[in-house]
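Structural description and commentary
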Amino acid sequence: MSDISGRRWHDMGGDQAGPVPMEGHDFALWEKRVDALMVLCSSKGHFTVDGLRRALEDMGADAFEKHSYYERWIAAVNQNLIEDGVYTLEELATRMDEVAARGATYGEAAHG
C-alpha cells in the first residue's frame, strides 16, 4: 500500500504527470448533481470531508485509473451514506432497479 517513503498509491504530489490542462471544463448535469449531493449530505451531518477522503483512498489504485473524478466521488458519498445508515445496499439496489425500469434516457422515462 505504501512505499519506503510512507507515500500511498493515491499520493501523486511531486510526480511527473505532464502538463495540467488549463482550459475550462463544462460539467455534465450528473457531475453537478454529485457535487450538490455531497454538499447537502455533508451539511446534514451524514459525513465529513475526512470520511469522504477515507472512502476515496480505500477504493484502491484501480479506481483512480478506471473511474473519473465524479465517479469516484459518488462512490465515496454512497459509501458514507450507507455507513451512516441513511439506506442499506438492499434499499439502494431496489431503488436502482425501479429507476432502470423507467428507461435508459430521460425521454423514455417521461413517456414510460
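What you are looking at is a predicted structure, and each value in this text was computed from that prediction instead of being measured. (Residues numbered from 1 in each chain as written. Predicted model: local features only at pLDDT ≥ 70, side-chain atom pairs only at ≥ 80, totals over all residues. Heavy atoms only, no water.)

Notes on the overall build of the chain
Counted only if it meets this: Where helices and strands are cited, they refer to DSSP runs of H or I of at least four residues and of E of at least two residues respectively, numbered from the N terminus. Burial classes: relative accessible area under 20% of the type maximum marks a residue as buried, over 50% as exposed, and values in between as partly exposed (1.4 Å probe, protein chains only). Any two residues whose heavy atoms approach within 4.5 Å are treated as being in contact. Accessible surface is estimated by sampling points in the Shrake-Rupley manner with a 1.4 Å probe; for residues, cover comes only from the protein chains shown.
Each helix and strand in the chain was counted, giving six helices and zero strands. Here the chain, with 112 residues, has 18% of them falling under the buried criterion. Here the analysis covers contacts within the chain between residues at least 6 apart in sequence; of these, 60% occur between residues at least 24 apart. Summing over all exposed atoms, the chain offers an accessible surface of approximately 8,600 Å²; the carbon and sulfur share of this is 57%.

Remarks on the pattern of salt bridges
Close approach of charged atoms lets side chains of opposite charge pair. To keep it simple, the criterion reads: Throughout this description, the term salt bridge denotes a Lys or Arg side-chain nitrogen within 4 Å of a carboxyl oxygen of Asp or Glu.
Across all of its chains, the model carries four salt bridges by this definition. Close ionic contact of Glu 57 with Arg 53 constitutes a salt bridge, the shortest N to O distance being 2.5 Å. Here Arg 53 and Glu 57 lie together in helix H2 (residues 49–58), a separation of four residues that amounts to about one turn. With a relative accessible area of 52%, Arg 53 lands in the exposed category. In this structure, Glu 83 engages Arg 54 in a salt bridge whose closest nitrogen and oxygen atoms are separated by 2.5 Å. Placement of the pair is Glu 83 in helix H4 (residues 69–83) and Arg 54 in helix H2, with a sequence separation of 29 residues.

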